[in-house]
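Descriptive structure summary
Spelled out from the first residue to the last, the chains are:
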Amino acid sequence: MIVRKPGSLVLAALAVSMLPAMAACGQDAPEQDKARPGKVEQVAAKPVSFERETETFSYTYAYPAEAAAIPALVKLLEEERVQGLAELEAEAAEAQKDAKANDYPYNPHMLGTSWSVTGNTEPLLAMLGEISSFSGGAHGNTGYEALLWDKAAGKRVKLEALFTDMNAALEPVRKRYCDGLNAERQERRGEYMSDDPDDMFNVCPPFSDLVIIPSAVGNDGFDRIMFVAAPYVAGPYAEGVYEISVPVTEQVLASIKPEYRAAFSAVTG
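Residues numbered from 1 in each chain as written. Predicted model: local features only at pLDDT ≥ 70, side-chain atom pairs only at ≥ 80, totals over all residues. Heavy atoms only, no water.

1. Describing helix H3 (residues 71-101)
Taking 1.5 Å as the rise per residue, H3 with 31 residues should run 45 Å; its terminal C-alpha atoms sit 45 Å apart, in good agreement. Among all positions of H3, only Leu-73, Val-74, Leu-77, Glu-78, Arg-81, Val-82, Gly-84, Leu-85, Leu-88, Ala-92 and Ala-99 are buried. (Helix = DSSP H or I, 4+ residues; strand = E, 2+ residues; numbered from the N terminus. Expected span 1.5 Å × (residues − 1). Buried < 20%, exposed > 50% of the residue type's maximum accessible area, 1.4 Å probe, protein only.)

2. Observations concerning the pairing of strand S6 (residues 141-150)
Successive residues of a regular strand alternate their side chains across the two faces of the sheet. Sheet topology places strand S5 (residues 124-134) next to S6; 10 bridges connect them, and they run antiparallel. In the sheet register, Gly-129 faces S6, and the bridge partner there is Glu-145. In this structure, the hairpin formed by S5 and S6 is closed by a connection of 6 residues, where Gly-136 is found at a positive phi of approximately 100 degrees. The sheet contact formed by S6 and strand S7 (residues 155-157) spans 3 bridges and is antiparallel. Counterpart to Leu-148 in the pairing with S7 is Val-157. Between S6 and S7, which pair antiparallel in sequence order, lie 4 residues; one of them, Gly-154, sits at a positive phi of approximately 70 degrees. (Pairing = 2+ DSSP bridges.)

3. Details of the packing of aromatic side chains
Under the definition given, this model contains 7 aromatic pairs. Judged by centre distance (5.3 Å) and plane angle (45 degrees), the rings of Phe-222 and Phe-264 are tilted. Separated by 42 residues along the polypeptide, Phe-222 in the loop between strand S8 (211-215) and strand S9 (224-229) and Phe-264 in the segment after helix H7 (258-261) bring together distant segments of the chain. The same class applies to Phe-222 as to Phe-264, namely buried. Through pairs of rings, three or more aromatic residues link up here, namely Tyr-177, Phe-207 and Phe-227. Arg-81 extends its terminal NZ or CZ atom over the ring of Phe-50, reaching a point 4.3 Å from the ring centre. (Phe/Tyr/Trp six-rings, centres within 6.5 Å; stacked < 30°, edge-to-face > 60°. Lys NZ or Arg CZ within 6 Å of the ring centre and 35° of its normal.)

4. Section: the state of the cysteines
Counted according to the given criterion, the structure contains 1 disulfide. Each disulfide pairs two cysteine sulfurs, and for Cys-178 the partner residue is Cys-204, the sulfurs being separated by 2.1 Å. One disulfide, between Cys-178 and Cys-204, carries an S-S torsion of -85 degrees and so falls in the left-handed class. Of this pair, Cys-178 sits in helix H5 (residues 174-189) while Cys-204 is found in the loop between H5 and S8, placing the two residues 26 residues apart along the sequence. (Disulfide = S-S within 2.5 Å.)

5. Topic: the sheet that holds S9
Strands sit in the order S8-S9-S10 across an open sheet of 3 strands; the sheet is antiparallel. Edge positions in the open sheet fall to S8 and strand S10 (242-247), since each of these has one partner strand only. Taking the axes of each pair of neighbouring strands and ignoring which way they run, one obtains an average angle of 25 degrees across the sheet. Where S9 lies against S10, 6 bridges are found, and the strand directions are antiparallel. (Axes fitted to C-alpha atoms, helices over the stretch in contact; angles between N-to-C directions.)

Now the structure itself:
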């Protein structure tokens, strides 16, 4: 079982390196930090980190070196970055205008997206995006998004595209997921763990409510499937995100399409 807590939303400003793609968008170029060790073909790539803060909002967007090494993926991520900034600027301006018109304090808005790699094999790069936002309420919100990039085809693919039948493939691991989730709930709640079957936070959420992404613990391909439950999906806001991973079984492996099967490895035992 792998459990990951939400990361910090404040991304430190790093050495500035202009990217042609950013200049073409007419937006400030992201900053880049030192490249992490990686494959030979990724030596020149560096993690990308963009940050803008004004009196009315703060915006951050970051993705790792593995993504920055793929021009077509950079284009997709940069389009998303520029769009997110434009939408936040518009929303903050409208909220500030509304606050002034109704004579109540304006709280600066925030939006941050941070992508992290869960596995990088041939031909797939898998990333999990943590998206945090605040729009003036009692507290912020955190959501998650999965991104699978087919490096051979040069495009983004959906998780279900990897399977002959995704629902049939994942149903056999559901009990293991639910048991892992309940064990983590027990650890976080301790003596306050309720046994009320009608408690919405005791129910094992359907897979359709979760973000699902393959992950690779070792170097032999994707050997785990990670199930991510954002706050309020598997527990109250205070408990944060629940990330539970289960092994890829032979049964799951058999359900993966031939063109992607080599990217996975079953866990025995």
